[in-house]
Amino acid sequence: MFTGIVEELGEVVGVTPTAQDSVLVAVRGPLVTSDARHGDSIAVNGVCLTVVEVDGGVFTADVMGETLRRSALGGLRASDRVNLERAAALGSRLGGHLVQGHVDGVGEVLAREPASRWETVRFRLPTGLSRYVVEKGSITIDGVSLTVAEVGTDWFTVGLIPTTLALTTLGTRAVGDPVNLEVDVLAKYVERLLGANPPGADPLGANPLGANPPALNLPGPVAS
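Rules used in this analysis
- Residues numbered from 1 in each chain as written.
- Predicted model: local features only at pLDDT ≥ 70, side-chain atom pairs only at ≥ 80, totals over all residues.
- Heavy atoms only, no water.
- Helix = DSSP H or I, 4+ residues; strand = E, 2+ residues; numbered from the N terminus.
- Buried < 20%, exposed > 50% of the residue type's maximum accessible area, 1.4 Å probe, protein only.
- Contact = heavy atoms within 4.5 Å.
- Areas by Shrake-Rupley, 256 points an atom, 1.4 Å probe, with all protein chains shown as cover.
- Pairing = 2+ DSSP bridges.
- Axes fitted to C-alpha atoms, helices over the stretch in contact; angles between N-to-C directions.
- pLDDT = per-residue confidence, 0-100.
- Phe/Tyr/Trp six-rings, centres within 6.5 Å; stacked < 30°, edge-to-face > 60°.
- Lys NZ or Arg CZ within 6 Å of the ring centre and 35° of its normal.

(A) Region of the structure containing the overall build of the protein chain. Looking only at helices and strands, one finds three helices and twelve strands in the protein chain. In the protein chain, buried positions account for 40% of the 224 residues. Taking all contacts inside the protein chain whose residues are at least 6 apart in sequence as the whole, residues at least 24 apart take part in 68%. Just so you have it, the protein chain exposes about 12,300 Å², and 55% of that area is on carbon and sulfur atoms.

As structure tokens, then:
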């Protein structure tokens, strides 16, 4: 589990194919490797990866075909900068929101609008994800926890402050670039509990609840 607060901008050292549909990624990150060991979790652009080896400030991680297909990691090349975050420790401050490191889809930068000290950036939403995104709610973009400013049927916007622009890859993402998106997992659990996805249904399919979803059977007040 992560919080979406990027600790370090790392650099991809190499991407080595290990099988037909998997690669070994080597990433330089002196801070996140300072206490990393084999089996630890590190989020790379919002994707939870398991550390295979640590050597001189560089860690390597296996990336299987499923991850390459479901995220933008398939496009990583040597010298690319990546957002890095170690797994959260129990008892630490939750600076962002609960992030699993499980990418829900790949979005795209649609537009950037610079202001005096910040930027408003519009992203494309993959089909089926818009119902999990709400104004002033949380979303993770390339591992960065952000607050949604506006949302449409297939797009949303966020505001990026100077710190985010300077210390994450979002400061240099250009129009057309792909980004990893993870929606708030709480929204998916609520949908499931309301019965929006019966067993066997596509979790990203149309919402069958219609205009009259079933009422929640909540307990009444408890007398003091």
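The rest of the description comes next.
(B) How the structure looks around the pairing of strand β9 (residues 138-141). Both β9 and strand β10 (residues 144-151) contribute to a ladder of four bridges, which runs antiparallel. Each bridged residue has a counterpart across the sheet, and for Ser138 the counterpart in β10 is Thr147. Where β9 hands over to β10, the hairpin turn is made up of two residues, of which Asp142 adopts a positive phi near 50°. In this structure, β9 lies alongside strand β12 (residues 178-183), joined through three bridges in antiparallel fashion.

(C) Representation of the sheet that holds β9 in the model. Spatially, six strands are ordered β7-β8-β11-β10-β9-β12 in a closed barrel, and the strand pairing comes out antiparallel. Recorded for the sheet is a direction-independent mean angle of 45° between the axes of neighbouring strands. Across six bridges, strand β8 (residues 119-124) lies against strand β11 (residues 155-160) in antiparallel orientation. Counted as the bridge partner of Phe123 is Phe156 from β11.

(D) Summary view of the environment of Val15. Mapped onto the elements, Val15 comes out in strand β1 (residues 8-19). With 48 residues separating them in the primary sequence, Val15 and Val63 have C-alpha atoms 9.8 Å apart. Once residues within four sequence positions are removed from consideration, Val15 is found in contact with Val23, Leu24, Val25, Leu76 and Arg77.

(E) Structural detail: the confidence of the model for the protein chain. Averaged over every residue, the pLDDT of the protein chain is 87; the share at 70 or more is 87%. Long-range and interchain partners of residues 203-224, a stretch whose pLDDT sits below 50, account for 17 contacts in this model, where long-range means more than four residues apart.

(F) Main features of the packing of aromatic side chains. This model, assessed by the stated rule, comprises one aromatic pair. Its end group placed over the ring of Trp155, Arg122 keeps NZ or CZ at 4.0 Å from the ring centre.

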